[in-house]
Amino acid sequence: MALRWRISALVAAAACAVAAAVGVLVHEFSRNRELSQARESARVTLDRAAVTYTRTGEVQGSGASLDAPGLPGDLRDLVEQGHRGTEFTTGPAGPAMWAARPAGSRVLSVRVDLTTTMRDIGALDASIVVAGLITTAVVLPLGVLTAGRMSRRLRTAAGTARRIAAGDLDARIAAGPRPRDEIADISTAVDTMAGALQKRLLGEQRFTADVAHELRTPLMGLVTAAELLPEGEAAGYVRDRVRVLGTLVEELLEISRLDAGAEHADMSPCPVGPLVREVVARNGPAATVVGADEGADTDGDANGDAGAATVRTDSRRLERILTNLVVNAHRHGRAPVVVTVSDDGRTVTVRDHGPGYPRTLLDDGPQRFRTGARERGTGHGLGLTIALGQAQVIGATLEFGAAPDGGALATLRLPAVLPPAGADPAGLAER
């Protein structure tokens, strides 16, 4: 049940409880007061009748009677024991207050009829019930309105928190200051947290960009020095490490551009099938390409036109995405690696038959400088991060999952339309 209706139900229950409590208190107070007045009146009448009976031996005209047939049995027994008393009864003759006392060997009693009094109390009870219903009917809409406002404010705060979690670090609730308002305090805390998180992430992004730029100059010197080394096993090892370092620096620079939103797609018609086969043939061992028209291509060569459909996208960025996915499958998974293109060319899947993606990647997405699982091999975790960022630049979605029969499965879905202008092209702030 939504918070709004829970609060409304609580308000209605509280209003009904208050009305019932007030009604019970008023009923008991009114009834006890009327019975007390009736008892006192019966006693006064009984005492006057007793004086008259003592003087004249008659009670006619005094409002009392001797040995009244309707006298309650308990009260009669009390009088026969020499005591006086009163008792309230509700019999066929209606509610009444009895008072009795000994009169020699006889019982002198007074009966005060309370039919009208009890009827008035009943009318008062009905009025209280009506007043309680009216109060509930008035209070309930106010409670619903107040609960609705609280619910909307909480939903706004939750929606803003979800936007921040999705990468929109500029999102703010912007709730005005309200003293002694817990929802406003929560909203302010969320805004403060978002601001602190944004500053920290921007600082990390600037640090990454600065490090990458600073490394380029000494790296160029290393490349030149490595080329001047005499041929040999040591020189080959040095050149290989310099090449790896150069790739890492270029990836860091690419991530910094994605973080800064400096990447923009250059859309043009692109045949997906030939591009997929080219990427597969150029990166790693042989893989299987399954297209819309040709079945499987076990060596990655162009035996047909896999997924001959043409889509409008940025072919250079699409090639970068597919290259990273295929290289990641070869490096961290196990053969066979299968690349499948849908009939319309808008969906491309890359899967391997290795241990699969680690749970942290499936839950939180790619993390830079983290591969997430020892069995997936070593690496710095930038390949999938770049692939995800480039996919968002071209307006595509990239999802990571597990194949039904085991292995890692990456699914790239190209958009049917261009990404909206001004959209966050990288969206990597939360990664």
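That block above? That's the structure.
Residue numbers restart at each chain and count upward from 1, following the sequence in its written direction. Only residues with pLDDT of 70 or above have their local features reported here, since the model is predicted, and side-chain atom pairs are shown and tallied only from 80 upward, although totals for entire chains, interfaces and linings are computed over all residues. The side-chain numbers reported here are obtained from all heavy atoms of the structure, hydrogens and water having been left aside.

Novice: Is there a simple way to think about the environment of Ser256 in this case?
Specialist: Topologically, Ser256 is positioned in helix α5 (residues 233-260). A sequence separation of 49 residues divides Ser256 from Phe207, and the C-alpha atoms of the two residues are 9.2 Å apart. Helix and strand assignments follow DSSP, with helices taken as H or I runs no shorter than four residues and strands as E runs no shorter than two, numbered in order from the N terminus.

Novice: Honestly, the sheet that holds strand β3 (residues 94-103) in this entry has me stumped. Any pointers?
Specialist: What links the strands of a sheet is backbone hydrogen bonding, and the strands pair in either a parallel or an antiparallel sense. Sheet architecture is open: 4 strands sit in the order β1-β4-β3-β2, paired in antiparallel fashion. In this open sheet, the two strands that pair with only one neighbour each are β1 (64-66) and β2 (85-91). Adjacent strand axes in the sheet meet at a mean angle of 30 degrees, parallel and antiparallel pairs treated alike. Across 7 bridges, β2 lies against β3 in antiparallel orientation. The residue of β3 that forms the bridge with Thr89 is Ala96. Here, a strand pair is defined by DSSP locating no fewer than two bridges between the strands. Whenever a helix is involved, its axis is fitted only over the stretch in contact; in every case the axis is a line through C-alpha atoms, and angles between N-to-C directions fall within 0 to 180 degrees.

Novice: Explain a nonpolar patch on the surface to me, please; I cannot follow it from the model alone.
Specialist: On the surface, Val130, Ile134, Val138, Val139 and Leu142 cluster together into a nonpolar patch covering about 420 Å² of accessible area. Within the secondary structure layout, Val138 lies in helix α3 (residues 115-165). Patch membership requires over 30% relative accessible area and the absence of a salt bridge. Like charges are linked within 9 Å, and nonpolar side chains (Val, Leu, Ile, Met, Phe, Trp, Tyr) within 5 Å. Methods summary: accessible areas were calculated by the Shrake-Rupley approach with a probe of 1.4 Å, and residue burial reflects only the protein chains presented. Throughout this description, the term salt bridge denotes a Lys or Arg side-chain nitrogen within 4 Å of a carboxyl oxygen of Asp or Glu.

Novice: For this particular structure, what's the right way to read the pattern of salt bridges?
Specialist: Two side chains bearing opposite charge may form a pair once their charged atoms approach each other closely. As enumerated under the stated definition, the model contains 18 salt bridges in all. A salt bridge links Asp314 to Arg317, with the shortest nitrogen-to-oxygen separation between them at 3.2 Å. In this structure, Asp314 and Arg317 share a single accessibility class: buried. The salt bridge partner of Asp405 is Arg351, with a shortest N-O separation of 2.9 Å. Of this pair, Asp405 sits in the loop between β11 (397-402) and β12 (408-413) while Arg351 sits in strand β10 (residues 347-351), and the two are 54 residues apart along the sequence. The cut-offs for exposure are 20% and 50% of the maximum accessible area for each residue type, with area from a 1.4 Å probe on protein chains only; residues under the lower value are buried, those over the upper are exposed, and the others partly exposed. Owing to a relative accessible area of 59%, Asp405 belongs among the exposed residues under this scheme. Put simply, Asp47, Arg84 and Arg101 are held in one network by salt bridges that share partners.

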